[in-house]
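Descriptive structure summary
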Amino acid sequence: MNKPERKAPAHAPMHQFPVRDGVLVVGGIPLPQLAARVGQTPFYAYDRQLLSQRVAELRTALPPGLKLHYAMKANPMPALVAHLAGLVDGIDVASSGELKVALDAGADPREISFAGPGKRREELQQAVAAGILINIESFREVSELAAIIGQTGYPARVAVRVNPDFELKSSGMKMGGGARQFGVDAERVPELLAEIGRSGIGFEGFHLFAGSQNLKPDAIVEAQDKSFELALRLAQSAPAPVRFLNLGGGFGIPYFPGEQHLDLAPIGARLATLVERAAHAMPEAKLVIELGRYLVGEAGIYVTSIIDRKVSREHVFLVSDGGLHHHLSASGNFGQVIRKNYPVAIGNRMTPTRCETASVVGPLCTPLDLLADHMELAEAQPGDLVVIFQSGAYGFTASPQAFLGHPRCVEVLV
Ligand SMILES: *Cc1c(COP(=O)(O)O)cnc(C)c1O
């Protein structure tokens, strides 16, 4: 008897970009025309409409009192940050370079916050002068800020980033719990709060960020519950009422076969109860979540042209003009333990009559330069356009563009 064939898990369907006459349409423009407009491949394209739509979906699913921030390290393209700055309630920056982009984009400084484990003296000075909220991550930052206040006379606004005593379960990247370079360990926070109280720095609240790329609503809800309880507990030692409570985020998007879109409903429902509880327990507190990848990841694609089609011992290699130097995470070299394929398609052959198993590689002299490994793709030829979906976050700026000296990549917002 034949064993029933076990089907390999598939990618979650990528329906965000329409297909017209067999061609992917991005920002209303057929892909080959967009490539002509950009004037080169490879490029990244981000779709404004999809960004706006994503914010609207979140507003529908999340309780009205909750503030939505954009963590801009996911994609700091200035035009994109400017677009999002008009839609979200605040921007989270992680360096003075990002702070400049956020301010240039027109974000309200009162609604910008700054996190990061190694803030330089000059960065702290810039943050104070800008009037943004600084998420304090060490005792050193308290004394630096006290000195800055003394020298400049400007007030400093701070929240305490707490390294919680729990972890975000099933997270792609853990950033809290255990020993971490991020934040101050929860058990030492009362001591830090006392020091803030003595220093004349303006205390505004807490920041907790447990981890990133989580696709399990239960795990996200649990982390947010625990973060809330921890903040309530720590608030008893605070030198001033809590006005700002950032519960993190970590909402994931499906990249790899078998992964599904995150269900926002249970997360929104639980956050609604937290907003209600906060209204009683911390009446001055604004509750915030900060999202990077979830806001921008699905609105972006990376596009590269096929230069050569090679067959090596019966396996087809589509050699493209883009690769890991522009898109490190699609190559599997940005934190993945086991390499898996991103969703990939031939953007000008979306309704193919003939398919084949092929690998898409880049022009670099390293076997790590792999964009699709043994994937079922439309039969493709030189000149065709390879599209990598889910590329709006941690793409362009998270890749080693100088590696091997190939031409730089371009980004467009359409
Ligand atoms: C990176 C980061 C984020 C964004 O994470 P995503 O997974 O992109 O949503 C949010 N907050 C902090 C503190 C971060 O370091």
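Quantities reported herein were computed from a predicted structural model and do not represent experimental measurements.

With that out of the way, let us pick up the site of the ligand. The local shell around the ligand holds 13 residues, among which K73, S212, E290, R293 and Y394 are the closest. The separation between an oxygen atom of the ligand and a polar side-chain atom of K73 is 2.7 Å. The backbone of R293 places a nitrogen or oxygen atom 2.8 Å from an oxygen atom of the ligand. Here the ligand has 380 Å² of accessible area as a free molecule, and 93% of this is covered by the chains. For the shell around the ligand, the secondary-structure elements that each account for two or more residues are strand 13 (211–214) and strand 15 (286–291). Its residues placed into classes, the shell around the ligand shows five nonpolar, four polar and four charged.

Let us now look at the sheet that holds strand 1 (residues 19–20). The three strands are arranged 1-2-3 in an open sheet whose pairing can be described as antiparallel. One side of each edge strand has no neighbouring strand; the edge strands of this open sheet are strand 1 and strand 3 (29–30). When strand 2 (residues 23–26) meets strand 3, the two strands line up antiparallel, connected through two bridges. Residue pairing in the sheet places V25 in a bridge with P30 of strand 3.

Cis geometry marks the peptide bond from T41 to P42; its omega dihedral reads -5°. Mapping P42 onto the fold places it in the loop between helix 1 (31–38) and strand 4 (43–46). Located in the positive-phi region is R313, a residue other than glycine, with phi close to 50°. With respect to the helices and strands, the residue R313 is situated in the loop between strand 16 (300–312) and strand 17 (315–320). Although it is not a glycine, Y394 sits at a positive phi angle of roughly 55°. As for its position among the elements, Y394 is in the loop between strand 21 (385–388) and strand 22 (410–413). You can call Y394 buried: its relative accessible area is 12%.

Thresholds, definitions, all that
Residues numbered from 1 in each chain as written. Predicted model: local features only at pLDDT ≥ 70, side-chain atom pairs only at ≥ 80, totals over all residues. Heavy atoms only, no water. Near = heavy atom within 4 Å. Polar contact = N/O pair within 3.5 Å; in protein donor to acceptor, adjacent residues only side chain to side chain. Areas by Shrake-Rupley, 256 points an atom, 1.4 Å probe, with all protein chains shown as cover. Helix = DSSP H or I, 4+ residues; strand = E, 2+ residues; numbered from the N terminus. Nonpolar A, V, L, I, M, F, W, Y, C, P; charged D, E, K, R; others polar. Pairing = 2+ DSSP bridges. Buried < 20%, exposed > 50% of the residue type's maximum accessible area, 1.4 Å probe, protein only.

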